[in-house]
Amino acid sequence: REQPKESPQPAPRQIFQERQRITGLPLYFQGYLSVRHSRCKEFRVYWTELRGTMLFFYDDKKAPMVSHKLDISALTSATNVYPGENGSARFILMLSNGELELKANDSESGKEWKCFILTVTKLSVPPDESLLPGQLTRMHEVLEKEKKRRITRNDCSSTSLNRKSPPSSTLTTMPVCFYAVSRQEATEMLEKNPSCGNLILRPGRDSKNYAITIRHELDAPHLKHYKVMSKGTSYIIELERQVTLPSLQDVVNYFVTQTQGKLKPFVIRT
């Protein structure tokens, strides 16, 4: 699938607000990117958002649920932008757990993506002489926002630790065990990869709510599914006695705590 050639317009306001609520992270840059992981042969096109030091990949601009996400805070380096086919521009992110090759429509877009990524991960605007004044201004604005975000996050963590309570999860992104998969796909993932964990958070049957799929190892493997309803800024677990929690991470933590750690978030090993 080729990237759309028209200049990228932002996602519709309702979708933008929903993503903002789910991620809890500021949006710094967005647009179409073709992505290829080091183990894959083919590129895949995603509507991509840079929020904090995370890349969120959506199947299209209007998709409410993220396809997958990548923490780039441990970025070690990025290659120079080099030309690809049909005027596209490529560059590679060197991460602690592998490489990620990115392809933008043109060299200008590729340069912007690389520089914004370096700005938020290195907390410094890269000294690129080809950047235009307007681009530099936006990057300096993003730099200041990211510095403030980290200070706020650290202050919240310190306050929580001083009170001897767990840090609030409202400032974090989607839990690591969230996957944009169906009920059947979640079941298969748990059955085929028991060593990765036994709890998956996934989208519900509509685009607003969520579900938890778990696989218990009792006398025999036992699968269960729980509805998680989104209501305002809270999430309600549909149990015999409803449980209301402030974030999806708290929902995951609830299941882990209630089972004394027998349930473990499902994380695919890279």
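See the structure printed just above.
In this text, all values refer to a predicted model and were calculated from it rather than measured experimentally. (Residues numbered from 1 in each chain as written. Predicted model: local features only at pLDDT ≥ 70, side-chain atom pairs only at ≥ 80, totals over all residues. Heavy atoms only, no water.)

(A) Representation of the packing of aromatic side chains within the structure. The final tally for this structure, using the stated rule, is 9 aromatic pairs. Taking the centre distance of 4.6 Å and the plane angle of 15 degrees together, the rings of F29 and F116 count as stacked. Here F29 is found in strand β1 (residues 27-37), whereas its partner F116 is found in helix α2 (residues 107-122), with 87 residues between them in sequence. Residue F29 is classed as buried on the basis of its relative accessible area, which comes to 10%. Residue classification places F116 among the buried residues on the basis of a relative accessible area of 1%. Among the aromatic residues, ring-to-ring pairing joins F29, W113 and F116 into one connected group. (Phe/Tyr/Trp six-rings, centres within 6.5 Å; stacked < 30°, edge-to-face > 60°. Helix = DSSP H or I, 4+ residues; strand = E, 2+ residues; numbered from the N terminus. Buried < 20%, exposed > 50% of the residue type's maximum accessible area, 1.4 Å probe, protein only.)

(B) Just the nonpolar core, in detail. Membership of the largest hydrophobic core comes to 30 residues, with the highest contact counts inside it found for L199, Y210, I212, V251 and F255. Put simply, the parts of the chain that give this core at least two residues each are β2 (44-51), β3 (54-58), β9 (199-203), β10 (210-217), β11 (221-231), β12 (234-237), β13 (243-245) and α5 (248-258). The leading source of residues in this core is α5, at 4 residues. Beyond its immediate stretch of four places on either side in the chain, I212 contacts L199, I200, L201, K224, H225, Y226, V228, V251 and F255. (Core = buried A, V, L, I, M, F, W, Y, C linked by side-chain atoms within 4.5 Å. Contact = heavy atoms within 4.5 Å.)

(C) Just the pattern of salt bridges, in detail. Applying the stated rule across the entire model yields 11 salt bridges. The residue R44 makes a salt bridge to D59 at a minimum N-O spacing of 2.8 Å. You can see R44 sitting in strand β2 and its partner D59 sitting in the loop between β3 and β4 (68-71), a full 15 residues away along the chain. On the basis of relative accessible area, D59 is assigned to the partly exposed category, the value being 35%. (Salt bridge = Lys/Arg side-chain N within 4 Å of Asp/Glu carboxyl O.)

(D) Here's a closer look at α5. Looking only at α5, the buried set comprises L248, D250, V251, V252 and F255. Contact partners of the buried residues in α5: β9, β10, β11, β12 and β13.

(E) Local environment of the pairing of strand β7 (residues 89-95). Judged by how many residues are buried, β7 sits mostly within the fold: 6 of 7 residues are covered. Of the strand pairs in this sheet, strand β5 (residues 77-78) and β7 are connected by 2 bridges, and their pairing is antiparallel. Across the sheet, the residue bridging to S77 is M94, located in β7. Relative to β7, strand β6 (residues 82-83) runs antiparallel, the two sharing 2 bridges. Its bridge partner being in β7, P83 is matched across the sheet by A89. What sits between β6 and β7 in their antiparallel hairpin is a turn of 5 residues, with N86 showing a positive phi close to 55 degrees. Of the strand pairs in this sheet, β7 and strand β8 (residues 98-104) are connected by 7 bridges, and their pairing is antiparallel. Following the sheet pairing, F91 is matched in β8 by L102. What sits between the antiparallel neighbours β7 and β8 is a turn of 2 residues. (Pairing = 2+ DSSP bridges.)

(F) Quick look at the environment of T48. If you trace the backbone, T48 turns up in strand β2. Sequence separation between T48 and S34 is 14 residues, and the spatial gap between their C-alpha atoms is 9.0 Å. In this view, T48 contacts F29, Q30, G31, L33, L55, F56, F57 and W113; residues no more than four positions away in its chain are not counted. A distance of 3.3 Å separates the side chain of T48 from the backbone oxygen of Y46, its partner in a polar contact. (Polar contact = N/O pair within 3.5 Å; in protein donor to acceptor, adjacent residues only side chain to side chain.)

(G) View of unusual backbone geometry. Positive phi outside glycine occurs at N86, with the angle close to 55 degrees. Within the secondary structure, N86 is located in the loop between β6 and β7. The exposed category is assigned to N86, whose relative accessible area is 67%. Its identity is not glycine, yet Q260 carries a phi of approximately 55 degrees, on the positive side. Its place among the elements puts Q260 in the segment after α5.

(H) Looking closely at helix α4 (residues 183-192). When α4 is considered as a whole, its buried residues turn out to be A186, T187, M189 and L190. Axial view of α4: buried residues confined to an arc of 160 degrees, hence all on one face. On its buried face, α4 is in contact with β9, β10 and β11. (Arc of directions from axis to C-beta.)

None of the figures reported here should be taken as evidence of function without further support.
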